[in-house]
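One-letter residues, chain by chain:
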Amino acid sequence: MNATGRIHSWDLSTGVDGPGTRFALFVSGCPLRCLYCANPDTWHMRDGKEATVDEVLAEIDKYRSFVTTAGGGVTLTGGEPLLQPAFTGEILRRCRQSGLHTALDTSGFLGARATDELLADTDLVLLDIKSFDIGTYRRLTGGELAPTLSFATRLDRLGVPVWIRYVLVPGWTDDPEAVAGLAGFVAGLGNVDRVDVLPFHKLGAHKYEALGIPFPLRDTPVPDPGLTERVREQFRERGLRAL
């Protein structure tokens, strides 16, 4: 099988997309519209370029020795990779069969589209839980929280290792009660290796300008180190490794 999908780009990264040095493939298309999104240029599948799995694997093979020597692998990100589950699943399967560590970066909103077979080919899920408050989640993303929580519990049941990602946005995701609720939920899962508290940034603001659309959080401040540490400590209080 040589499925066809639409991709935005790829990059090499260290420390942010899974363990070691990663070949990060940015898949086009996303059902959410997060106010802090740093990649608005990946929202629409139509804006991506068509590629076959064979073409993607040929590109990955160019860097195989580099990423494996550095203890890394391949991460599918985006956009939302589960918007194209057949394409994503085949890439994960063939990478894993060839001995590469595989990671899936997802909001979990489309977690129901991930088959058990796809998840069996995924060594690590980077699960971005954007808020634990239902109303805030809806205002922040345009979507619903429940599918993500359902996906998280399914990953626990299947024993798929998870890193939780939590973007800290002052005035949006810093509410102590909501953070405590999320920390309690995550602590109840047995498959979470770590929680990455990621300070909100504006590095993607220029992309909004280039696309001619407003950046909703242009005037929102980035979190100070004290706030970031407070939130990380809330996760640590529940026995979680928070970075």
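Predicted model, so just to flag it, every value in this text is computed and none were measured.

Analysis parameters
Residues numbered from 1 in each chain as written. Predicted model: local features only at pLDDT ≥ 70, side-chain atom pairs only at ≥ 80, totals over all residues. Heavy atoms only, no water. Core = buried A, V, L, I, M, F, W, Y, C linked by side-chain atoms within 4.5 Å. Buried < 20%, exposed > 50% of the residue type's maximum accessible area, 1.4 Å probe, protein only. Contact = heavy atoms within 4.5 Å. Helix = DSSP H or I, 4+ residues; strand = E, 2+ residues; numbered from the N terminus. Axes fitted to C-alpha atoms, helices over the stretch in contact; angles between N-to-C directions. Left-handed = near helix turned anticlockwise from the far one by under 90°. Nonpolar A, V, L, I, M, F, W, Y, C, P; charged D, E, K, R; others polar. Parallel < 35°, antiparallel > 145°, perpendicular 65-115°, else oblique. Pairing = 2+ DSSP bridges. Expected span 1.5 Å × (residues − 1).

Digging into the nonpolar core
In terms of nonpolar packing, the biggest core is built from 66 residues, with Ile 91, Leu 127, Val 195 and Phe 235 touching the most fellow members. Those residues within four positions of Ile 91 in sequence are excluded, and the remaining contacts are Leu 25, Val 53, Val 56, Leu 57 and Leu 76.

Looking at the side chain of Thr 21
Summarising the element assignment, Thr 21 is placed in strand 2 (residues 21-27). According to the relative accessible area criterion, Thr 21 is buried, its value standing at 8%. Dropping the residues within four chain positions of it, Thr 21 is found in contact with Ser 13, Thr 14, Phe 66, Val 67, Ala 70, Gly 72 and Gly 73.

So, the packing of helix 7 (residues 176-187) against helix 9 (residues 225-236)
Between helix 7 and helix 9, the shortest axis-to-axis distance is 9 Å and the interhelical angle comes to 35°. Once helix 7 is placed against helix 9, the crossing between them reads as right-handed. Note on element contacts: helix 9 touches helix 7 through Arg 230, Val 231, Gln 234 and Phe 235, opposite Pro 176, Val 179, Ala 180, Leu 182 and Ala 183. In terms of residue class, the contact of helix 7 with helix 9 is made up of 7 nonpolar, 1 polar and 1 charged.

Remarks on the packing of helix 1 (residues 53-61) against helix 3 (residues 85-97)
Relative orientation of the contacting elements helix 1 and helix 3 amounts to 40°, with a least axis distance of 10 Å. Our classification of the angle between helix 1 and helix 3 gives oblique. Judged by the sense of rotation from one axis to the other, the crossing of helix 1 with helix 3 is right-handed. Contacts between helix 1 and helix 3 involve Val 53, Asp 54, Val 56, Leu 57 and Ile 60 on the former and, on the latter, Phe 87, Glu 90, Ile 91, Arg 94 and Cys 95.

Observations concerning the pairing of strand 6 (residues 124-128)
Looking along a regular strand, one sees the side chains alternate between the two faces of the sheet. Counted residue by residue, strand 6 has 5 buried out of 5 residues, so it is predominantly covered. Side chains of strand 6 alternate between two faces, with Leu 124, Leu 126 and Asp 128 and Val 125 and Leu 127 buried alike. Pairing geometry for strand 5 (residues 101-106) and strand 6, over 4 bridges, is parallel. Following the sheet pairing, Thr 106 is matched in strand 6 by Leu 127.

Regarding helix 6 (residues 146-158)
With 13 residues, helix 6 should cover 18 Å at 1.5 Å per step; its first-to-last C-alpha distance of 18 Å lies within 8% of that length. Turning to helix 6, its buried residues number three or more, namely Thr 148, Leu 149, Phe 151, Ala 152, Arg 154 and Leu 155. Where helix 6 terminates, the next one or two residues include Gly 159, which has phi positive at roughly 75°.

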